[in-house]
Amino acid sequence: MTRHAFEKKKNVTFRSGKELNCWIINEGQRIGRVTIQKANREIPQGTLRAMSKVLDIDVATLCEFIKCTIKGPELIDTILTNKAKR
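Novice: Looking at this structure, I do not really get the nonpolar core. What am I missing?
Specialist: Side chains that are nonpolar tend, in soluble globular proteins, to be buried together. Counting residues in each nonpolar core, the largest one holds 21 residues, and the members touching the most others are Phe6, Phe14, Ile24, Val34, Leu55, Leu62 and Phe65. Elements represented by at least two residues in this core include exactly α1 (2-10), β2 (20-26), β3 (29-36), α2 (45-55), α3 (59-66) and α4 (72-85). With sequence-adjacent residues up to four places away left out, Leu55 is seen in contact with Phe6, Ile24, Gly32, Arg33, Val34, Leu62 and Ile79.

Novice: Which parts of the structure should I look at to understand the environment of Ala84?
Specialist: When you line up the elements, Ala84 lands in helix α4. Note on Ala84: relative accessible area 65%, which makes it exposed. Separated by 46 residues in sequence, Ala84 and Lys38 have C-alpha atoms that sit 32 Å apart.

Novice: Sorry, what's going on with the pattern of salt bridges here?
Specialist: Close approach of charged atoms allows side chains with opposite charge to pair. For the structure on display, the rule yields one salt bridge. When the shortest N-O distance is used, the salt bridge between Lys83 and Asp56 registers 3.4 Å. On the criterion of sequence distance, the pair formed by Lys83 in helix α4 and Asp56 in the loop between α2 and α3 is long-range, its members being 27 residues apart.

Cut-offs used in this document
Residues numbered from 1 in each chain as written. Predicted model: local features only at pLDDT ≥ 70, side-chain atom pairs only at ≥ 80, totals over all residues. Heavy atoms only, no water. Core = buried A, V, L, I, M, F, W, Y, C linked by side-chain atoms within 4.5 Å. Buried < 20%, exposed > 50% of the residue type's maximum accessible area, 1.4 Å probe, protein only. Helix = DSSP H or I, 4+ residues; strand = E, 2+ residues; numbered from the N terminus. Contact = heavy atoms within 4.5 Å. Salt bridge = Lys/Arg side-chain N within 4 Å of Asp/Glu carboxyl O.

In C-alpha cells, the structure reads:
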C-alpha cells in the first residue's frame, strides 16, 4: 500500500535490492528518500517514524498521505516548508 501510494501520487520508481528505495524529486531536486520493506505487511511504528524523520514530516501526515487523504503536491509543500524551517 505504501509503495503504491508513492508510485501513483509522485510517479517515483523504487529500486529493488534488500529493500525498496526511491527518491522524491521536486523540480529536478531530490528532497527526500523513502525506504520501505519488500514484504507486503504492516509497517512497524519505528520504520514509520524513521521515514517521516527523513522527509521532515510527522508520522500522522505520512499516514494520511499513504491513506490517500493528502495528495502528492500537498506532501511536497509540507516537506519543503519543514525543510525551510530547519
